[in-house]
Amino acid sequence: SNFLHSRYLSRTAYLEVNASHEICALSREPDKSAPFRHQGIIYYPGLTTRRMSEIMNLRYKYYILDFGVLTEHTLPEFNRCDHRVVITDVSMWKSARLESFAKQLQKNNIPWNTLKTVGRDGTKSDYARLHADFGIQVEPMPVLKDPFRITSGCFHFFEEIMKGD
């Protein structure tokens, strides 16, 4: 969301469509469930899919949908997205969640090559193992000192994510 807003100077909304409420930590509002603005982006914490649909009718250029861990309720919405990015831990000891997700994709006939997969943590051998085990190319996520201060050095990474296939 920060990249889209700062690079393209576009109205951007971040929709947290999961129950983690992690994005509330950025809010200075007394009501932590209320929408709030942070560095030009409008954040909508803790949304239901119904409320998400209502917000999607507002006039934003970009909508970033954070589904957290996909569920049977959010998977259809995830499938409707123009760009689908999966952020995963690539470390071997955290692969059970990714394996479960891979099975969910397979069950719903969603091929990996329709997603952009971004990895955090892990080693080169972890990335190679994911390619061998699941047939997916995982792009390493750049380390950002401050995710709200994206420098031009990271633009290439985010532009690749936004390209699509």
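Quick notes on the rules
- Residues numbered from 1 in each chain as written.
- Predicted model: local features only at pLDDT ≥ 70, side-chain atom pairs only at ≥ 80, totals over all residues.
- Heavy atoms only, no water.
- Pairing = 2+ DSSP bridges.
- Helix = DSSP H or I, 4+ residues; strand = E, 2+ residues; numbered from the N terminus.
- Axes fitted to C-alpha atoms, helices over the stretch in contact; angles between N-to-C directions.
- Patch = residues over 30% accessible without salt bridge, like charges linked within 9 Å, V, L, I, M, F, W, Y side chains within 5 Å.
- Areas by Shrake-Rupley, 256 points an atom, 1.4 Å probe, with all protein chains shown as cover.
- Salt bridge = Lys/Arg side-chain N within 4 Å of Asp/Glu carboxyl O.
- Buried < 20%, exposed > 50% of the residue type's maximum accessible area, 1.4 Å probe, protein only.

**Q** Would you explain the sheet that holds strand S4 (residues 62–66) in this entry?
**A** Sheet strands line up and pair through hydrogen bonds in the backbone, either parallel or antiparallel. The sheet built from four strands is open, its strands ordered S2-S3-S1-S4 with mixed pairing. The open sheet has two free edges, formed respectively by strand S2 (36–38) and S4, since each of these has just one partner strand. For this sheet, the mean angle separating the axes of adjacent strands, direction not counted, is 25°. Strand direction decides the pairing type here: strand S1 (residues 12–16) and S4, joined by five bridges, are parallel. Counterpart to Glu 16 in the pairing with S4 is Asp 66.

**Q** Looking at this structure, how should I read a nonpolar patch on the surface?
**A** Together, Val 85, Ile 87 and Met 141 give the surface a local cluster of nonpolar side chains, amounting to about 230 Å² of exposed area. Position of Val 85 relative to the elements: it lies in strand S5 (residues 85–89).

**Q** For this particular structure, what's the right way to read the pattern of salt bridges?
**A** Charged atoms that come close allow side chains of opposite charge to pair. A complete count under the given rule lists four salt bridges for this structure. Residue Arg 80 is joined to Glu 77 by a salt bridge in which the shortest nitrogen-to-oxygen separation is 2.8 Å. Taken as a pair, Arg 80 and Glu 77 lie in helix H3 (residues 75–80) at a separation of three residues, close to a single helical turn. Using a relative accessible area of 56% as the deciding quantity, one classes Arg 80 as exposed. Residue Glu 77 is classed as buried on the basis of its relative accessible area of 17%. Residues Asp 89 and Arg 120 are paired through a salt bridge, measuring 3.0 Å at the closest nitrogen-oxygen approach. Pair noted here: Asp 89 is in strand S5 and Arg 120 is in strand S6 (residues 116–120), with a separation of 31 residues, a long-range link. Look at Arg 120 and you get partly exposed, because its relative accessible area is 40%.

**Q** Can you help me understand unusual backbone geometry in this one?
**A** Most peptide bonds take the trans form, and the phi angle of most residues other than glycine is negative. A positive phi angle, close to 50°, is found at Gln 39, a residue other than glycine. Take Gln 39: it is sitting in the loop between S2 and strand S3 (41–44). The backbone phi angle of Asn 109 is positive, close to 55°, even though this residue is not glycine. Its location among the elements puts Asn 109 in the loop between helix H4 (95–107) and S6.

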